[in-house]
Amino acid sequence: MDTLLLLKAALMGIVEGLTEFLPISSTGHLILAGALLGFDDAKAKVFDIAIQTGAIFAVILVYWQKIRETVVALPTDRQARRFALNVLIGFLPAVLLGLLFGKAIKEHLFTPVVVATTFILGGFVILWAERRPQSAMRVVSVDDMTPLDALKVGLVQCLAMIPGTSRSGATIIGGMLLGLSRRAATDYSFFLAIPTLIGAGAYSLYKSRDLLVLADLPVFTMGLVFSFASAWICVRWLLRYISTHSFVPFAYYRIAFGILVLATAWSGVIVWKD
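Note that the structure is a prediction, hence the values are computed from the model and not measured.

Engineer: Tell me about a nonpolar patch on the surface, and please be specific about residues and values.
Structural biologist: Nonpolar side chains collect at one region of the surface, where Leu4, Leu7 and Leu11 lie side by side and expose about 260 Å² of accessible area between them. Relative to the helices and strands, Leu7 resides in helix α1 (residues 3–19).

Here it is in structure tokens:
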């Protein structure tokens with residue numbers, strides 16, 4: 001196995017893990033990193049989606065106690081059943097719209113202008129959300145969410161199908177705009193990511209199974225391992241960060257990164273491939 005290829009897979013895994021759960025779009029960062037590393041062919045696109053599973057395992061580990069308690073209490077506890085139902089309700093819109101429009105979105109919206117625009121607009125939306133008065137918050141904990149809250153956040157998550165939007169950004173900031181506290185929106189975003197990203201990874205691998213061979217296993221394993229490790233560090237850091245800080249720095253980062261995407265595309269650093 002090519003050592004350089006394994007190194008590229010490790011670097012891409014780190015990029016995925018560090019950006020998947022922050023409101024800054026892992027897709028845009030993987031595009032830029034893949035272009036700079038020469039890791040951007042058809043198989044690499046499958047790799048980018050598949051290694052999300054490693055990041056999700058990190059979320060499962062961080063939230064293991066809550067997940068275990070919910071599963072154990074499902075037969076007898078109403079609150080556990082409502083929580084599980086809320087995750088399911090939030091997950092379904094992305095499944096339905098992804099199956100209906102996923103192919104068209106990949107064919108028509110995967111352009112540097114779209115990615116850069118959504119990065120920049122997303123930054124301004126974060127600034128708007130963080131400037132709203134505290135009186136607009138009505139849901140303190142993820143356990144206080146109603147099925148209607150879950151459905152609304154699930155619909156907002158569908159905006160992340162547009163490249164550069166950020167699934168985490170859409171669900172966290174969307175949740176805050178819908179009345180969730182910063183912590184409740186972040187927790188729900190993480191729980192919603194578990195079925196969403198595992199499903200997306202499994203579906204991508206199934207659809208692209210003809211592209212893959214057994215020799216690809218070390219590369220995918222390397223990406224998964226580094227995605228898991230970096231995501232575990234990032235998730236733990238983010239949960240501490242939001243207890244005393246806002247998402248405003250991420251807004252300015254998104255705006256700057258959007259400008260960078262445009263600059264690198266126009267200069268020819270990034271070659272957008274179908």
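Once the structure has been displayed, the description carries forward.
Engineer: Tell me what's going on with the packing of aromatic side chains, and back it up with residues and numbers.
Structural biologist: Summed over all chains, the structure comprises 12 aromatic pairs. Here Trp237 and Phe250 contribute two aromatic rings whose centre-to-centre distance is 6.4 Å and whose plane-to-plane angle is 75 degrees, an arrangement assigned as edge-to-face. Here Phe250 lies in helix α12 (residues 248–267) and Trp237 lies in helix α11 (residues 217–241), a separation of 13 residues in the sequence. Taking the relative accessible area as the measure of exposure, Trp237 reaches 35% and is therefore partly exposed. Residue classification places Phe250 among the buried positions, given a relative accessible area of 9%. Grouped by ring-pair contacts, the aromatic residues Phe21, Tyr63, Phe83, Phe190 and Phe191 constitute a single cluster. Across the ring face of Phe83, the terminal group of Lys66 is positioned such that the distance to the ring centre comes to 4.5 Å.

Engineer: How would you explain the environment of Val142 if you had to name every residue and give the values?
Structural biologist: Position of Val142 relative to the elements: it lies in the loop between α7 (112–130) and α8 (147–157). A relative accessible area of 7% places Val142 in the buried class. On a C-alpha basis, the gap between Val142 and Leu180 in space is 8.2 Å, while along the polypeptide they are 38 residues apart. Look past the residues within four positions of Val142 in its chain and what remains in contact with it is Phe83, Ala184, Asp187, Tyr188 and Phe191.

Definitions and limits used
Residues numbered from 1 in each chain as written. Predicted model: local features only at pLDDT ≥ 70, side-chain atom pairs only at ≥ 80, totals over all residues. Heavy atoms only, no water. Patch = residues over 30% accessible without salt bridge, like charges linked within 9 Å, V, L, I, M, F, W, Y side chains within 5 Å. Areas by Shrake-Rupley, 256 points an atom, 1.4 Å probe, with all protein chains shown as cover. Salt bridge = Lys/Arg side-chain N within 4 Å of Asp/Glu carboxyl O. Helix = DSSP H or I, 4+ residues; strand = E, 2+ residues; numbered from the N terminus. Phe/Tyr/Trp six-rings, centres within 6.5 Å; stacked < 30°, edge-to-face > 60°. Buried < 20%, exposed > 50% of the residue type's maximum accessible area, 1.4 Å probe, protein only. Lys NZ or Arg CZ within 6 Å of the ring centre and 35° of its normal. Contact = heavy atoms within 4.5 Å.

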